[in-house]
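So you can see what is in the structure, the chains are spelled out below.
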Amino acid sequence: MADFMGRHMAQEPQDIPIWDKFFDTCPIKSLIELGTGHGGMTLYFGLQCHKRGVEFYTFDNVQSTDFAMPIEQEIGLAKAFTLIDIFSDEGTTQIKGLIENCPKPLAIFFDNGNKPREWSLFAHLTSPGDFCAVHDWGTEFTESDIGSVAVEQLFVEESDARGPGWKAVWFARV
Ligand SMILES: C[S@@+](CC[C@H](N)C(=O)[O-])C[C@H]1O[C@@H](n2cnc3c(N)ncnc32)[C@H](O)[C@@H]1O
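None of the values given here were measured: they were computed from a predicted structure.

Caption draft 1: Here's a closer look at the overall build of the protein. Each helix and strand counted, the protein has six helices and nine strands in total. Scaling as 2.2 N^0.38, a compact globule of 174 residues should have a C-alpha radius of gyration of about 16 Å, and the protein matches this with 15 Å. Considering only C-alpha atoms, the protein reaches an extent of 40 × 40 × 25 Å along its principal axes. Each of the 174 residues in the protein was classed as buried or not, and the buried ones make up 37%. At a minimum sequence separation of 6, the contacts of the protein that also span at least 24 residues come to 68%.

Below is the structure:
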């Protein structure tokens, strides 16, 4: 879809100002990205988290980036990456443990191959005060996929003002 500082990101550029607002207004202490891809969004997240002292973790079952650019080395991005199948027993256990033990409030960005499955496995483990964001809102992940997880949508006005594309949605756990 676009590049971020030379790395491909599978996000719409129009979502970046909303992510900027997310980081400015949601006081998270940890961020988990499910789905690293080619690392563009990972680099954006890494920079935001580095600046704000937020712990950052990103998971993928394929390594498509080497985190070799000087800026990636400077912020230690390779250490944030775990190569694992998040639906395997080991992957599920690791992510559940992270959700339980990382500093709160926590945010999770669901952007792996199967968003409803990721959500049903992990979203209910977050607590009120945490945040959940999902990519491909309205296409791969819809309102009915939220199930019984208590959430309130954030940034509705900005989200509704976006043009067409593959978009993210942001929720606060309530
Ligand atoms: C849409 S891409 C992620 C894009 C990235 N968040 C970005 O914004 O640039 C989805 C990623 O999920 C990964 N994936 C798919 N199934 C997975 C699984 N079972 N475990 C871990 N990663 C998986 C794919 O390898 C792919 O890189």
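Caption draft 2: Spatial organisation of the sheet that holds strand 3 (residues 30-34). In space, the seven strands of this open sheet follow the order 5-4-3-6-7-9-8, with mixed pairing throughout. Of all strands in the sheet, those bounded by a partner on one side alone are strand 5 (81-83) and strand 8 (151-153). The average undirected angle you get between the axes of adjacent strands in this sheet is 20°. Where strand 7 (residues 131-134) and strand 9 (residues 169-173) come together, four bridges link them in antiparallel fashion.

Caption draft 3: View of the site of the ligand. In the vicinity of the ligand there are 20 residues, among which Gly35, Gly37, Met41, Asn61 and Gly113 approach most closely. Listing elements by their share of the shell around the ligand, those giving two or more residues are helix 2 (40-52) and strand 4 (55-60). Each residue belonging to the shell around the ligand can be placed in one class, and the counts come to seven nonpolar, nine polar and four charged.

Caption draft 4: Quick look at the pairing of strand 7. Taking every second residue as pointing to the same face, both faces of strand 7 are buried, with Phe131 and Ala133 on one and Cys132 and Val134 on the other. The pairing of strand 6 (residues 106-110) with strand 7 spans four bridges and is parallel. Directly across from Ala107, in strand 7, lies its bridge partner Phe131. With respect to chirality, the unit in which strand 6 leads through helix 5 (residues 115-122) into the neighbouring parallel strand 7 is right-handed.

Caption draft 5: Structural detail: the pairing of strand 4. Taking burial as the measure, the six residues of strand 4 include five buried ones, the bulk of the element. Sheet topology places strand 3 next to strand 4; five bridges connect them, and they run parallel. Residue pairing for strand 4: Leu31 is matched across the bridge by Phe56. For the segment spanning strand 3, helix 2 and strand 4, crossover handedness is right-handed. For strand 4 and strand 5, the ladder comprises three bridges, and the chain directions are parallel. Of the residues in strand 5, the one forming a bridge with Thr58 is Phe81.

Caption draft 6: Structural context of helix 2. Relative to the 18 Å expected for 13 residues at 1.5 Å per residue, helix 2 spans 19 Å between its end C-alpha atoms, a close match to the ideal helical length. Count one or two residues on from helix 2 and you reach Gly53, which has phi positive near 70°.

What counts as what
- Residues numbered from 1 in each chain as written.
- Predicted model: local features only at pLDDT ≥ 70, side-chain atom pairs only at ≥ 80, totals over all residues.
- Helix = DSSP H or I, 4+ residues; strand = E, 2+ residues; numbered from the N terminus.
- Rg over C-alpha atoms; globule rule 2.2 N^0.38 Å.
- Buried ≥ 20, exposed ≤ 12 C-beta atoms within 10 Å, placed from the backbone.
- Contact = placed C-beta atoms within 7 Å.
- Pairing = 2+ DSSP bridges.
- Axes fitted to C-alpha atoms, helices over the stretch in contact; angles between N-to-C directions.
- Near = placed C-beta within 6 Å.
- Nonpolar A, V, L, I, M, F, W, Y, C, P; charged D, E, K, R; others polar.
- Right-handed = clockwise from strand over helix to strand, strands pointing away.
- Expected span 1.5 Å × (residues − 1).

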